[in-house]
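Chain residues, written in single-letter form:
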Amino acid sequence: MDEGGSRIIRRVSLRKRNRPSLGSVCAAPAAAELKPGNVEDEEMVAGSRRRKTVGVQPVEYDSEEDMFGDYDSFTENSFLAQVDDLEQKYMQLPEHREHDTDLAIEDLCSESIKDSKLNITTVDNFTALKTDEPTKNQCGQEDVAIEPGTDLLYDVPSSQVLYFENLQNSSNDWGNQFTKEKDWNSSSHQTVNEELSHSCIEQPQQNDQSSSEVRTSSDTTRRKSLKDHLKSTMTGNAKAQTPVFSKTKQLKETLLSEEINVAKKTLESSSDDRGPFYSLPSKVRDLYVQFKGIEKLYEWQHTCLTLNSVQERKNLIYSLPTSGGKTLVAEILMLQELLCRRKDVLMILPYVAIVQEKISGLSTFGMELGFFVEEYAGSKGRFPPVKRREKKSLYIATIEKGHSLVNSLIETERISNLGLVVVDELHMIGAGSRGAVLEMTLAKILYTNKTTQIIGMSATLNNVEDLQEFLQAEYYTNQFRPVELKEYLKINDEIHEVDSKAENGITFSRLLNYKYSDTLKKMDPDRLVALVTEVIPNYSCLVFCPTKKNCENVAEMICKFLSKEYLKHREKEKCEVIKNLKNIGGGNLCPVLKRTIPFGVAYHHSGLTSDERKLLEEAYSTGVLCLFTCTSTLAAGVNLPARRVILRAPYVAKEFLKRNQYKQMIGRAGRAGIDTVGESILILQEKDKQQVLELINSPLENCYSHLVQEFTKGIQTLFLSLIGLKIATNLSDIYHFMSGTFLGVQQKILLKEKSLWEITVESLSYLTEKGLLQKDTIRKAEKEVEYNFHITKLGRASFKGMIDLAYCGILYRDLKKGLEGLVLESLLHLIYLITPYDMVFLYDPDWMIYFRQFSQLSPAEQKVAALVGVSESFIGKKASGQAIKKKVDKDIVNRLYLSFILNTLLKETNIWSVSEKYNMPRGYIQNLLTGAASFSSCVLHFCEELEEFWVYRALLVELTKKLTYCVKAELIPLMEVTGVLEGRAKQLYNAGYKSLMHLANANPEVLIKTVDHLSRRQAKQIVSSAKMLLLEKAEALQEEVEELLRLPSDFPDTVASPIEKA
Ligand SMILES: Nc1ncnc2c1ncn2[C@@H]1O[C@H](COP(=O)(O)OP(=O)(O)OP(=O)(O)O)[C@@H](O)[C@H]1O
Ligand SMILES: [Mg+2]
């Protein structure tokens, strides 16, 4: 294994923070006064908000979108535009449009390919490639067999440990039941023993006892009867559900508990002694072998885990190429924290889909090892998190939800429970408003709790020193990549290999071997067909395209020229995919996918619904589909590797590719354990050659703080929360905090016109003038003044609701106006109030559709339109193209249009029909829905802080729920389980799994037989996620009961009865 590139760089910086003297505190404000009026005015002007937020993702909607933006045109890039036009034109030719796949193939294969004696060498070679399965399912192994035994134990959730004895007594008559339900299961029984052992180690019962010392006898009786009640219910449940496991198993579990105990002590006492597996129980190693197919750590992983700095729990940044195996190191450190140090852990990941993937992957570990895995993404997550007495929690969160979680832990003074924070894709700190949020989160942790360890990883970091200084972290880097990645460029028909030793960075490799007819040359000027057929269908291939439309066109174009042989490859399974797609679309199927899937080809971009994406991804990862044409969504999205990655052009939309983007995209090629080699081919035209050569030879881009650039979403939001959470409330403390941020580190580079001090003062003045903060002047000595800030009610509401400060004023006014005459006969008015302001500019109305929908409104709905100030005649004039003299607020008109869409969606609950009605891609509709659900919950929190809006609270709770699960009510409990989307929920429901309890008790083997197109791996993941959720809920309830029955620590009797104590 190549460990040659290994190096450890230690550069822990001792930052000197120049605390400003109070003299300077007094001197600055006047000069730094800001004119807030400008922004206020802007808000009122039609369309002005567009300018402020263009290209910025809304903070609250954890992104599922493309990594590099959401563009859909590249008109300025003329060559690509021509090609795209050509492809579109070709696709629109009637004879091609009308055909179903088979016909299309017949046409093209017989006419173009056969008649023209078109010979794509690799297509001919297809049959020779047929043998291997492209991927190996490493997770398909069975659980450890459960031997029937005489000495029975029960698989009770840990919350039921107290009743274990009773359960054991009533065990004798369970045997038969258990043998039927073996699969519930080898996982959760560990919990029992683990819990048991912990109760031995830490004696949680004693805690109870000590607190119960002060309880009155009636307390005890009350508690007892409730306990009895719980006990008998749970015993009943357990009888009905739980299996047995053998003595051998029991012994194994006892061993596990012992190992955890030893590991814990080891870590507490000395850092040199190691437990069986990096201070962890050997069970962890077994789990990695069993579930991830990882037998042995890479050398660098071992080195990294045994670094002194890591053992001393110093903050750490590590950087390795894509696919280097970074996750495993982080996971082992997380497990150490959860199991040995018994602290909670937060893992921050960039996208909802990745969070869900991780939850599914780690739930089994949680069940087996006895910790909770909690999801904080999209609409999921509780603030503050449930307090757990026994087991620790691993919170897996998106950037936005991670920030809210940290805020709530600081607010409830529980931040010290957070032992470790892991940030994957740390370079995201330089990515717009999301980067600013990540920076705030980390800066707050650093400032409030010195004992929380921070670990960041990335494959694409350049200016690590700045990040090190910010995080006060050590740095480890290594060039290891388990599968070699060969990079190529294609210019005309020449393929060149990227070679850092060559003069201009490339060496000639080969000429593309193909024979194209003239027609095909025209249709496929980039020779994509030749390139992809060198690998598919036995190996997978990703083709990155600059735009969404281009993805669809390329997919269709390629299929037109593939031989019929491709149809035969995994034909049945492809039919299943189509059937399932149709199923989740309620009978609808995208015509492009209908034509391409039979060839094993599909497009993948944010225009698909998340259900469709998930289904296609599953088919791709099992090799049923072998080619994705995709946008950059896949560059950092779910783990979908490919033997070959093709970049169709060096552009993302109109922008020339950046080095980081390029690295992330090509990094998808050749993944460990799946491919033996990986290769990337960047297709370029002569005109771009120079720029591409610079691209491949240049260093990665630096990342920079976005706190100032993002203003209302950056520094403003930060200050409001610093003061709201009382992290820092006076000017000098706030400035001190700012010097410790990433911005503080980079101030010399980033702040040219104003100093950090000036910016701090200006921002505080701005917030004060907006009525979000109040300034108190405290006279300390004769000439010494200190400025203290506290948050106003409006400020607190905005901060609690995580409202972008650019919109808090208008939101307040809209809600206030709503109080004057809220129309509740229809949902439209409420929907209008929670339609996200920053989505308004993303979708321009189709005036004809707008008009049609308007004329179908009920009288109550018409009243809503009138109340917000949009008239039917205005829309009518727009639809007929008439000039309109009257000035109308475009934002309001557009916002109402989006409310119409959401209203229709809630009525019909069918994304497809709404997409058709409004002529908008279904993926967009779904984004709007997710955004609205998120904003609705923000508005709810906003209203909770303002007494005058009490009436909205109950209404918004319900509306948020409706928007979050815009599906038939019966599917909601199933969709709570990570990874179960609407389509899957429908299937499960129809198969008789109607509740969380049903899923948690399901046998994966039975599931795969009764539910179409569900792999064993997925079935197991669903069941373990469901178990985890059920366990979490049960424990949360149990804790609530405990809390209710616990005597308050300040109960007067305890202080006043010394005699009793004696
Ligand atoms: N020691 C190991 N032995 C075998 N496979 C491993 C080992 N460590 C990690 N892997 C596998 O390698 C693959 C890539 O690992 P991982 O996802 O951690 O890469 P990464 O460094 O995070 O890459 P990226 O920057 O692309 O996210 C995974 O499938 C993982 O299971
Ligand atoms: Mg990774």
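Just so it is clear, the structure is predicted and the values come from calculations on it, not from any experiment.

Around ligand 1 lies a shell of 17 residues, among which Lys 296, Ser 323, Gly 325, Lys 326 and Thr 327 are the nearest. A distance of 2.7 Å separates an oxygen atom of ligand 1 from a polar atom in the backbone of Ser 323. In this structure, Gly 325 approaches ligand 1 through a main-chain N or O atom, which is 3.0 Å from an oxygen atom. For ligand 1, the accessible surface in isolation is 640 Å², of which the surrounding protein chains cover 84%. For the shell around ligand 1, the residue count by class is six nonpolar, six polar and five charged. In this structure, the shell around ligand 1 is formed jointly by two domains, domain 1 (282-477) and domain 2 (484-697), each of which donates at least three residues.

What follows is about the pairing of strand β5 (residues 393-398). Residues in a regular strand project their side chains so that they alternate between the two faces of the sheet. A large share of β5 lies buried, amounting to six of its six residues. Bridge count for strand β4 (residues 372-376) against β5 is five bridges, and the pairing is parallel. Within the sheet, the bridge partner assigned to Glu 374 lies in β5 and is Tyr 395.

Now for the pairing of strand β19 (residues 773-779). Pairing between β19 and strand β20 (residues 785-791): seven bridges, direction antiparallel. Within β20, the residue paired with Gln 774 across the bridge is His 790. Between the end of β19 and the start of β20, which pair antiparallel, lie five residues.

Let's shift gears to the pattern of salt bridges. Where charged atoms of side chains with opposite charge meet at close range, the side chains can pair. Counting across every chain of the model gives 36 salt bridges. A salt bridge links Lys 358 to Glu 331; the shortest N-O distance between them is 2.9 Å. Of this pair, Lys 358 sits in helix α19 (residues 352-369) while Glu 331 sits in helix α18 (residues 326-340), placing them 27 residues apart in sequence. There is no split in this pair, since Lys 358 and Glu 331 are both buried. Of the charged contacts in the structure, one is a salt bridge between Lys 816 and Glu 948, with a shortest N-O distance of 3.3 Å. With a gap of 132 residues between them, Lys 816 in helix α37 (residues 808-820) and Glu 948 in the loop between α44 (922-944) and α45 (950-964) connect regions that are remote in the sequence. On the basis of relative accessible area, Glu 948 is assigned to the partly exposed category, the value being 31%. Taken together, the shared-partner salt bridges in this structure form one network comprising Arg 510, Glu 534, Arg 644 and Glu 679.

Okay, α44 next. Helix length check: α44, at 23 residues, gives a terminal C-alpha distance of 33 Å against a target of 33 Å (1.5 Å per residue), a fit within 8%. Buried residues dominate α44, accounting for 19 of its 23 residues.

Close contact between helix α15 (residues 282-292) and α18 brings their axes to 12 Å; oriented N to C, the two are set at 140°. Taken as axis vectors, α15 and α18 run oblique relative to one another. The way α15 lies across α18 gives a crossing that is right-handed. Seen from α15, the contacting residues are Val 284, Tyr 288 and Lys 292; seen from α18, they are Leu 328, Glu 331 and Leu 335. When its residues are assigned to classes, the contact of α15 with α18 shows four nonpolar, no polar and two charged.

With respect to the helices, strands and loops of the structure, Glu 375 is situated in strand β4. Under the relative-accessibility criterion, Glu 375 is labelled buried at 9%. Within polar-contact distance, the side chain of Glu 375 engages the side chain of Thr 978 at 2.6 Å. With residues up to four places along the chain from it excluded, the contact list for Glu 375 reads Val 355, Gln 356, Ile 359, Lys 380, Gly 381, Ile 396 and Thr 978.

On to the packing of α19 against helix α50 (residues 1016-1045), then. One can describe the packing of α19 onto α50 by two numbers: an axis separation of 8 Å at closest approach and a directional angle of 60°. If you check the angle between α19 and α50, you find them oblique. The way α19 lies across α50 gives a crossing that is left-handed. Of the residues in α50, those touching α19 at Ser 360, Gly 361, Ser 363, Thr 364, Gly 366 and Met 367 are Gln 1021, Ser 1024, Ser 1025, Lys 1027, Met 1028 and Leu 1031. Here the residues of the contact of α19 with α50 are counted per class, giving three nonpolar, eight polar and one charged.

So, how was this worked out
- Residues numbered from 1 in each chain as written.
- Chains lettered and ligands numbered in written order.
- Predicted model: local features only at pLDDT ≥ 70, side-chain atom pairs only at ≥ 80, totals over all residues.
- Heavy atoms only, no water.
- Near = heavy atom within 4 Å.
- Polar contact = N/O pair within 3.5 Å; in protein donor to acceptor, adjacent residues only side chain to side chain.
- Areas by Shrake-Rupley, 256 points an atom, 1.4 Å probe, with all protein chains shown as cover.
- Nonpolar A, V, L, I, M, F, W, Y, C, P; charged D, E, K, R; others polar.
- Domains from an automatic or database assignment.
- Buried < 20%, exposed > 50% of the residue type's maximum accessible area, 1.4 Å probe, protein only.
- Helix = DSSP H or I, 4+ residues; strand = E, 2+ residues; numbered from the N terminus.
- Pairing = 2+ DSSP bridges.
- Salt bridge = Lys/Arg side-chain N within 4 Å of Asp/Glu carboxyl O.
- Expected span 1.5 Å × (residues − 1).
- Axes fitted to C-alpha atoms, helices over the stretch in contact; angles between N-to-C directions.
- Parallel < 35°, antiparallel > 145°, perpendicular 65-115°, else oblique.
- Left-handed = near helix turned anticlockwise from the far one by under 90°.
- Contact = heavy atoms within 4.5 Å.

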